[in-house]
Amino acid sequence: MDLAYIPSPSTGVINLGPIPLRGYAFCIIIGVFVAVWYGNKRWIARGGTAGTVADIAVWAVPFGLVGGRLYHVITDYQLYFSEGENWVDAFKIWEGGLGIWGAIALGAVGAWIGCRRRGIPLPAYADAIAPGIALAQAIGRWGNWFNQELYGRPTDLPWALKITESANREAGLYHPTFLYESLWCVGVAVLVVWADRRFKLGHGRAFALYVAAYCAGRGWIEYMRVDEAHHVLGLRLNVWTAIVVFVLAVTYMVVSARIRPGREEIVEPRAEKADKAEKAEKSGESAEGVDGDADGDADLDLRSDAPEDAVSDAVPHSDEDVDHGAGNGAGSAAKG
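Residues numbered from 1 in each chain as written. Predicted model: local features only at pLDDT ≥ 70, side-chain atom pairs only at ≥ 80, totals over all residues. Heavy atoms only, no water.

Caption draft 1: Here's a closer look at the side chain of E149. With respect to the helices, strands and loops of the structure, E149 is situated in the loop between helix 6 (142–147) and strand 3 (161–163). Buried charge without a partner: E149 forms no salt bridge, and the closest opposite charge is R141, 6.6 Å away. With residues up to four places along the chain from it excluded, the contact list for E149 reads Y24, E95, G96 and N144. (Helix = DSSP H or I, 4+ residues; strand = E, 2+ residues; numbered from the N terminus. Buried < 20%, exposed > 50% of the residue type's maximum accessible area, 1.4 Å probe, protein only. Lys, Arg positive; Asp, Glu negative; His and termini not counted. Salt bridge = Lys/Arg side-chain N within 4 Å of Asp/Glu carboxyl O. Contact = heavy atoms within 4.5 Å.)

Structure below.
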């Protein structure tokens with residue numbers, strides 16, 4: 001008798017009246033919001049402006065979804081294009097099936113387009129959103145729990161995942177690989193934040209650290225899975241992908257640290273210009289205030305306590321008065 005296990009939901013859809021809310025899509029959406037929210041906080045801390053991360057995400061997210069789905073369909077084409085399968089199912093993204101490798105690759109293309117439009121360096125943007133992406137993956141993996149997919153080998157551990165029987169799966173208790181990867185991604189986010197603060201990572205190295213750390217975990221988690229997958233030299237295709245991408249990420253960190261040490265001083269030129277313009281405007285207001293005070297003092301000196309007649313007499317009113325005053329002055333000087 002199994003005393004403890006993780007139950008699976010009886011359905012992956014919650015009906016809110018006439019609107020079906022699918023657990024898989026809900027997790028993806030929440031993950032995207034968390035990534036944008038946290039990425040925005042990090043971007044502002046780096047000297048960027050609020051809203052920039054969201055503006056670029058408008059490009060990155062759709063590209064990422066398309067890339068993730070393409071990777072899944074291409075690497076698991078037999079699920080959609082084999083005899084007896086319906087190729088239309090390849091478009092049913094809400095039923096699960098997003099490859100993180102394709103999502104990151106094509107999402108980077110979308111982010112590059114967004115960065116180009118705003119004049120922002122892509123590596124700096126990638127560094128800012130890297131921990132947020134890891135957190136988004138941690139949340140998104142719970143979508144697999146709703147769909148009862150991507151679990152590991154059978155186990156009798158207390159945290160085993162209970163899978164119910166269906167046309168494509170056998171009932172039993174299995175390793176909850178979705179949970180392993182979710183927790184691993186949280187750890188990756190913490191690692192990147194700590195390393196970024198400790199070593200001031202820049203020029204894309206924080207993002208490369210995220211990629212390398214994720215690949216390290218994905219390798220052993222992928223090895224535990226029992227769902228159908230293509231194998232190359234005895235290893236699942238995604239294991240090989242994790243190994244290759246890990247090597248590329250580490251290589252990038254090493255080479256980048258030698259070529260471009262340190263961190264970017266300016267991550268958003270537009271924000272830097274706006275800041276300088278604001279400072280210049282404030283300086284102009286201060287100078288204008290000082291000039292105004294000087295003029296005010298002059299006015300006060302002119303409007304002294306002397307009687308109006310004295311002031312009027314002191315100010316010449318005509319050329320004749322000027323000549324007469326000059327003559328009197330000359331005479332006084334002669335007398336003296």
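Once the structure has been displayed, the description carries forward.
Caption draft 2: Looking closely at the pattern of salt bridges. Throughout the structure, instances matching the rule amount to 13 salt bridges. We note a salt bridge from R141 to E181, for which the minimum N-O separation is 3.1 Å. Pair noted here: R141 is in the loop between helix 5 (122–140) and helix 6 and E181 is in helix 7 (residues 177–199), with a separation of 40 residues, a long-range link. The pair R141 / E181 is uniform in exposure class, with both members buried. Residue E181 is joined to R218 by a salt bridge in which the shortest nitrogen-to-oxygen separation is 4.0 Å. Of this pair, E181 sits in helix 7 while R218 sits in helix 8 (residues 205–224), and the two are 37 residues apart along the sequence. Each member of the pair, E181 as well as R218, is classed as buried. The network of salt bridges with common partners includes R141, E181, R218, E222, R225, D227 and R236.

Caption draft 3: Representation of the packing of aromatic side chains within the structure. Inspection of the entire model under this criterion finds 12 aromatic pairs. Both rings, one in W142 and one in W145, keep their centres 5.7 Å apart while their planes meet at 80 degrees; by these two values the pair is edge-to-face. A residue pair is termed a helical-turn pair when its members lie 3 or 4 positions apart in one helix, as W142 and W145 do in helix 6 at 3 residues. The class for W142 is partly exposed, based on a relative accessible area of 32%. Through a chain of ring-to-ring contacts, the aromatic side chains of W142, W145, F146 and F178 assemble into a single cluster. (Phe/Tyr/Trp six-rings, centres within 6.5 Å; stacked < 30°, edge-to-face > 60°.)

Caption draft 4: Seen up close, the packing of helix 2 (residues 52–75) against helix 4 (residues 100–118). Direction vectors running N to C along helix 2 and helix 4 enclose 150 degrees, while the axes themselves pass 6 Å from each other. The orientation of helix 2 with respect to helix 4, classified from their angle, is roughly antiparallel. The element helix 2 and its partner helix 4 pack so that their crossing is right-handed. Residue classes in the contact of helix 2 with helix 4 are distributed as 13 nonpolar, 8 polar and 3 charged. (Axes fitted to C-alpha atoms, helices over the stretch in contact; angles between N-to-C directions. Parallel < 35°, antiparallel > 145°, perpendicular 65-115°, else oblique. Left-handed = near helix turned anticlockwise from the far one by under 90°. Nonpolar A, V, L, I, M, F, W, Y, C, P; charged D, E, K, R; others polar.)

Caption draft 5: Looking closely at the nonpolar core. Of all hydrophobic cores here, the largest spans 40 residues; its most connected members are W43, W101, Y125, V192, F207 and Y210. Where this core is concerned, the elements lending two or more residues are helix 2, helix 4, helix 5, helix 7, helix 8 and helix 9 (237–259). Residue contributions to this core peak at 10 residues, all from helix 8. When sequence neighbours within four positions are dropped, the list of residues in contact with W43 reads G48, T49, T52, V53, I120, A124, Y125, A128, V267 and E268. With 8 residues, the next largest nonpolar core counts Y151, L161, F178 and L179 among its residues. (Core = buried A, V, L, I, M, F, W, Y, C linked by side-chain atoms within 4.5 Å.)

Caption draft 6: The arrangement of helix 2 in detail. For helix 2, built from 24 residues, the straight-helix expectation of 34 Å at 1.5 Å per residue is met to within 8% by its first-to-last C-alpha distance of 34 Å. V58 marks the point of greatest bend in helix 2, at about 35 degrees, and the proline P62 comes within the next four residues. (Expected span 1.5 Å × (residues − 1). Bend = angle between axes of the 7 residues up to and from the residue.)

Caption draft 7: Quick peek at the environment of I133. Mapped onto the secondary structure, I133 falls in helix 5. For I133, a relative accessible area of 16% gives the class buried. A sequence separation of 102 residues divides I133 from G31, and the C-alpha atoms of the two residues are 8.0 Å apart. The residues contacting I133, other than those within four sequence positions of it, are A35, I104, F207 and Y210.

Caption draft 8: Focus on helix 1 (residues 23–45). In this model helix 1 runs 33 Å from its N-terminal to its C-terminal C-alpha over 23 residues, within 8% of the 33 Å that 1.5 Å per residue would give. Turning to helix 1, its buried residues are G23, Y24, C27, G31, A35, Y38, G39, N40, R42 and W43. Elements that come into contact with the buried residues of helix 1 comprise strand 2 (19–22), helix 2, helix 5, helix 6 and helix 7. Residue G47 follows helix 1 closely and has a positive phi angle near 110 degrees.

Caption draft 9: Up close: the confidence of the model for the chain. Scored by pLDDT, the chain comes out at a mean of 83, with 80% of its residues at no less than 70. Segment residues 292–336: pLDDT under 50, and 3 contacts once partners within four positions in sequence are set aside and those in other chains are kept. (pLDDT = per-residue confidence, 0-100.)

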